[in-house]
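Structural overview
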Amino acid sequence: MTDAQPQQLAATCAQALLSRDRASRKLGIQLLEVGPGSARLSMMVTVDHLQGYGTCHGGLIFTLADAAFAVACNTYDEATVASGCSIDFLNPAHVGDDLVAQAVEQSRRGRTGLYDVRIENQRGELIALFRGKAYKVHGPVLAQEKLDD
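Note that the structure is a prediction, hence the values are computed from the model and not measured. (Residues numbered from 1 in each chain as written. Predicted model: local features only at pLDDT ≥ 70, side-chain atom pairs only at ≥ 80, totals over all residues. Heavy atoms only, no water.)

Describing the pattern of salt bridges
For the structure on display, the rule yields 7 salt bridges. Across the pair Glu78 and Lys136 runs a salt bridge whose closest N-O atoms are separated by 3.5 Å. Of this pair, Glu78 sits in the loop between helix 3 (58–73) and strand 3 (80–89) while Lys136 sits in strand 6 (residues 126–136), placing them 58 residues apart in sequence. Classification of Lys136 as partly exposed rests on a relative accessible area of 22%. Of the charged contacts, one joins Arg123 and Glu125 as a salt bridge, the two residues approaching to 3.2 Å between their closest N and O atoms. (Salt bridge = Lys/Arg side-chain N within 4 Å of Asp/Glu carboxyl O. Helix = DSSP H or I, 4+ residues; strand = E, 2+ residues; numbered from the N terminus. Buried < 20%, exposed > 50% of the residue type's maximum accessible area, 1.4 Å probe, protein only.)

Quick look at the structure:
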């Protein structure tokens, strides 16, 4: 296997997964970069993302982090879901902030994995830290695409 093959597989899996992710599309979440066990996604904070105190709703920051986590742990064409997640909100995000979630694999063994996601704004300010535990279920990520070929 060449170095390009794992990278291409990661990109193909990311595109397939995100093409089926209606929630992420609705929120404007975009894929910036992907590699085996890693992903960078972004989301621009709009007025529709605000909660009652005028800052970005924590649930939407969590959703961005969760989407990056999902892409990162599904880059091997092995269907993987979250078995647990936690987030620490460190700074507020405001309208116009371009949030970037960087997910990095910390451990992957057997059917489980551990991923950390760092969410920063366009100024590099740390907004939140997310940790996700992944569990590999049966089947490939690209199952539907393989059926369509």
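Describing the UniProt feature "domain: Thioesterase" (unreviewed entry) in the protein
The UniProt entry lists residues 53–127 under the feature "domain: Thioesterase" (unreviewed entry), expressed in the numbering used here. Its end C-alpha atoms 16 Å apart, residues 53–127 is made of 21% helix and 44% strand. (UniProt positions renumbered as here; feature names shortened; annotations may be inferred.)

Quick notes on the nonpolar core
Membership of the largest hydrophobic core comes to 33 residues, with the highest contact counts inside it found for Leu41, Met43, Ile61, Leu64, Leu99, Val117 and Ile119. Within the residue set of this core, elements represented by two or more residues are helix 1 (4–19), strand 2 (38–44), helix 3, strand 4 (98–109), strand 5 (112–120) and strand 6. Per-element tally for this core: the top contributor is helix 3, with 10 residues. If sequence neighbours within four positions are ignored, Val117 has contacts with Ala65, Ala68, Phe69, Ala101, Gln102, Ala103, Ala128, Leu129 and Phe130. (Core = buried A, V, L, I, M, F, W, Y, C linked by side-chain atoms within 4.5 Å. Contact = heavy atoms within 4.5 Å.)

Some words on a nonpolar patch on the surface
There is a patch of nonpolar side chains on the surface, built from Val81, Tyr135 and Val137 and spanning about 220 Å² of accessible area. By the secondary structure assignment, Tyr135 is in strand 6. Since its relative accessible area comes to 36%, Tyr135 is described here as partly exposed. (Patch = residues over 30% accessible without salt bridge, like charges linked within 9 Å, V, L, I, M, F, W, Y side chains within 5 Å. Areas by Shrake-Rupley, 256 points an atom, 1.4 Å probe, with all protein chains shown as cover.)

Quick notes on helix 1
A rise of 1.5 Å per residue sets the reference length of helix 1, with its 16 residues, at 22 Å; its end C-alpha atoms lie 22 Å apart and thus fit the reference within 8%. Looking only at helix 1, the buried set comprises Ala10, Cys13, Ala14, Ala16 and Leu18. (Expected span 1.5 Å × (residues − 1).)

Examining the packing of aromatic side chains
If you walk through the whole model with that rule in mind, you get 3 aromatic pairs. By way of ring pairs, the aromatic residues Phe62, Phe69, Tyr115 and Phe130 are connected into one cluster. Over the ring of Tyr76 we find Arg108, and its NZ or CZ is 3.6 Å from the ring centre. (Phe/Tyr/Trp six-rings, centres within 6.5 Å; stacked < 30°, edge-to-face > 60°. Lys NZ or Arg CZ within 6 Å of the ring centre and 35° of its normal.)

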